[in-house]
Amino acid sequence: MSHLSERPEKPVVGVSMPHESATLHVTGSALYTDDLVCRTKDVLHAYPVQVMKAHGRITALRTEPALAVPGVVRVLTGADVAGVNDAGMKHDEPLFPNEVMFYGHAVAWVLAETLEAARLGAAAVEVELDELASVVTLEDAFAADSFHGAQPVMLTGDVDAGFADSAHVFTGEFQFSDQEHFYLETHAALAHVDEAEQVFIQSSTQHPSETQEIVAHVLGLHSHEVTVQCLRMGGGFGGKEMQPHGFAAVAALGAKLTGRPVRLRLNRTQDLTMSGKRHGFHAQWKIGFDADGRIRALDATLTADGGWSLDLSEPVVARALCHIDNTYWIPNARIAGRIAKTNKVSNTAFRGFGGPQGMLVIEDIMGRCAPLLGLDPIELRERNFYQKGQATPYGQPVVHPERISAVWQKVQDNGGIAARKREIAAFNAAHPNTKRALAVTGVKFGISFNLTAFNQGGALVLIYKDGSVLINHGGTEMGQGLHTKMLQVAATTLGIPLHKVRLAPTRTDKVPNTSATAASSGADLNGAAVKNACEQLRERLLQVAASQLGSNASDVRIVEGVARTLGSDKQLAWDDLVRTAYFQRVQLSAAGFYRTEGLHWDAKTFRGSPFKYFSHGAAAAEVEVDGFTGAYRIRRVDIVHDVGDSLSPMIDIGQVEGGFVQGAGWLTLEDMRWDATDGPNRGRLLTQAASTYKLPSFSEMPEEFNVTLLENATEEGSVYGSKAVGEPPLMLAFSVREALRQAAAAFGPSGASVELASPATPEAVYWAIQAARSDDASRNGRARDGLVAGGETGNGHAADGEIRTDANALNGA
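Computed from a predicted structure; not experimentally measured.

(A) Broad picture of the overall build of the chain. Broken down by element type, the chain carries 19 helices and 30 strands. Its C-alpha radius of gyration of 28 Å places the chain within 12% of the 28 Å reference for a compact globule of 813 residues. Principal axes of the C-alpha set define a box for the chain whose edges measure 95 × 80 × 50 Å. A total of 813 residues make up the chain; the buried ones form 60% of that total. For the chain, the exposed surface amounts to about 29,800 Å²; the carbon and sulfur share of it is 51%. Considering the chain, the positive charge centre built from 73 side chains and the negative charge centre built from 93 side chains are found 3 Å apart.

Written out as structure tokens, the structure reads:
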């Protein structure tokens, strides 16, 4: 076993324990960015001047009326920027734009003594606009040829030959929805300037180092003049990886110009209308299967709705392409990606980062094609699983394909799938107006940033004279339990009880140049860095202990806060050991560092091994659908997920449950709508509140929910043998959507292929049921006329053809 993966005697990792801030969360004592305002004197409040048009050039911006509003102190505009007027890493996001690019774009910010005064001041600002044509939908973008960014193409094998060898070829289209992050805490920042002109910003950000960098270049400062701290976030999900930077820069600019602290916090409507979402996608595809139902070739074009600027759209599309295979070997493939430029908010990272979109395409294809091939969907998926020696379309070997089969078989055994399928068949035969279905889907998700340089982490660990330990690391806490795991890693490595260790808030002046807490890599990168720092300290302390115990350092072990020599009764308590080390002038602080080895990626050829490893999982979902309304309930879900050797099992199970529910929300409930008419509100987000944008709640939770972590699953070369858990579970929710498809199909003839929109709302399910019933009626009519039902060929397989699903299905079109 590798040094990084090996666990010592009596480790604290692997022990189930609650989130380190759980008590603070439930008692309301946990502090978030905006909670610090009441602890800060003379704070000014920032409020955006939003323009409610989708696209237009600003011809006049008059701020004088705002300054006449009582309490207004200043109006920030582009003329106030001393550095670079841009909040993006691609330099395509002006902080104070002269061209409005989406409905609700902020063109100036008002600072006032109270939030109400700031609101009234923003309303008083006069903006004149030369309105321009706008691109709101993906269809608009296609018609206008409106695209931006890279257009990668992933190639493997011989696609033409693959289709020539295929016994069955199908083509289709699929368009599916974007998703709102809807974190509990909206975007927030609090900035002030100290007596040395140092800018200090409290920010709800997943990427403090990049927030620091953006603020510095907006203010025209060096990074060492700006410090960013993140106490914790009330949810992030990727939405706070890039998008907080501009808000922090506005607050910092206001503080710099007024000499007073500036607070910026978006209300819920502003957050919904001003911040990016998960990218909605359109897919056009062609797939070929051999006579046994094995994939021979896939040709697809994936188009992401990027919004008005690039943000992270390029790597999102790259990851979508890298995950279109999911658990299936595709020997011949051509997958193209592109980014539509639309007059909407700039879409951004969201849990899975393009992976869910790519995987949804192939799972939709498998679900649609299984009945056309005369195969049970479970069987079709199994036949196409990766086997030993096979590689992804971008050339990375799938090292542990047996994990795919292991979680797949385990979830079927745990869920009693075979017996329940028989029960469901009997139920459906007896209930013409209610149908049940059970679907099983798998997950193979790559862990690491696609950009190799991001795969590094840092930490700073301090041991004080009394034996207490303080750890700093570059990761941020958004409720996912990263800090809990880091405490466990530190205690395990040092060999001390958990209560001896405390964790400090994430700050750029403690650990510099950190990567975002994203790509499910937070525990891998920061855990290894914390372990590295603690190992440096432990080695120094072992030398001290050896001198006190009269032995060699290699024979000393520190376990549960006591240093002992192998084969001896001699021992030295941790506190005494640390105190002795101090008096011997031994350094009791260490900076840790980790870089992920073995990664390489060529973005131009789209080849390489961008991922450290793959996380695997499988889910079985059973649903019941009402044939009159399309309403449904999730009766039972069984999950088996591979997290390696878990660092903190309770945390990991919570992440699996939460990720699954969030994925089910995206796929079944969260129906984001934009005004695409030619009226005055063109481009407006219509679902800009919880009253119109439906989130999963207790009523959508499975009635029975069983989550099991795969056992004996050590991951070599990762911190204490663990695996990432943040993003992969979201895709387990594909099982719910596929079960709904099969339940809708059960209202029609056997072997019917049902198209299902995404999100699969009750309305969408109803129209799928109606289509299945229509197919049944159509087949009966053809049978009376002496035709072969369903256009089947002589071999009993459905004839090749075109199948389509698009957003119109949501409206029954």
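(B) Looking closely at the side chain of glutamine 229. With respect to the helices, strands and loops of the structure, glutamine 229 is situated in strand 11 (residues 226–230). A distance of 3.2 Å separates a polar atom in the side chain of glutamine 229 from a polar atom in the side chain of glutamine 202. Beyond its immediate chain neighbours, meaning those up to four positions away, glutamine 229 contacts Phe200, Ile201, Gln202, Ser203, Pro505, Thr506 and Arg507.

(C) Geometry of the environment of threonine 687. Looking at the secondary structure, you find threonine 687 in the loop between helix 17 (649–668) and strand 29 (704–709). Judged by its relative accessible area of 6%, threonine 687 is buried. The spacing of threonine 687 and leucine 272 is 415 residues in sequence and 8.6 Å in space, taken between C-alpha atoms. Within the structure, the side chain of threonine 687 is placed 3.3 Å from the backbone nitrogen of arginine 673, a separation counted as a polar contact.

(D) Just helix 15 (residues 522–549), in detail. Between its terminal C-alpha atoms helix 15 stretches 38 Å, which fits the 40 Å expected from 28 residues at 1.5 Å a residue. Within helix 15, 20 of the 28 residues are buried, leaving the element largely enclosed by the surrounding structure. Where helix 15 terminates, the next one or two residues include glycine 550, which has phi positive at roughly 70°.

(E) Spotlight on helix 7 (residues 244–258). Over its 15 residues, helix 7 extends 21 Å from the first C-alpha to the last, a length consistent with the 21 Å expected when each residue adds 1.5 Å. Most of helix 7 is tucked away: twelve of the 15 residues are buried. For helix 7, the complete set of buried residues consists of Pro244, His245, Gly246, Phe247, Ala248, Ala249, Val250, Ala251, Ala252, Leu253, Gly254 and Ala255. Positive phi appears at glycine 259, one or two residues downstream of helix 7, with a value of about 75°.

(F) Region of interest: the sheet that holds strand 18 (residues 469–473). What the four strands build is an open sheet, ordered 19-18-17-24; its pairing is mixed. Unpaired on one side and paired on the other, strand 19 (501–503) and strand 24 (589–595) mark the two borders of the sheet. On average, each strand axis in the sheet is tilted by 25° relative to the strand beside it, whichever way the strands run. Across seven bridges, strand 17 (residues 456–463) lies against strand 24 in antiparallel orientation. Residue pairing for strand 24: valine 461 is matched across the bridge by alanine 590.

Rules behind the numbers
- Residues numbered from 1 in each chain as written.
- Predicted model: local features only at pLDDT ≥ 70, side-chain atom pairs only at ≥ 80, totals over all residues.
- Heavy atoms only, no water.
- Helix = DSSP H or I, 4+ residues; strand = E, 2+ residues; numbered from the N terminus.
- Rg over C-alpha atoms; globule rule 2.2 N^0.38 Å.
- Buried < 20%, exposed > 50% of the residue type's maximum accessible area, 1.4 Å probe, protein only.
- Areas by Shrake-Rupley, 256 points an atom, 1.4 Å probe, with all protein chains shown as cover.
- Lys, Arg positive; Asp, Glu negative; His and termini not counted.
- Charge placed at Lys NZ, Arg CZ, Asp CG, Glu CD.
- Polar contact = N/O pair within 3.5 Å; in protein donor to acceptor, adjacent residues only side chain to side chain.
- Contact = heavy atoms within 4.5 Å.
- Expected span 1.5 Å × (residues − 1).
- Pairing = 2+ DSSP bridges.
- Axes fitted to C-alpha atoms, helices over the stretch in contact; angles between N-to-C directions.

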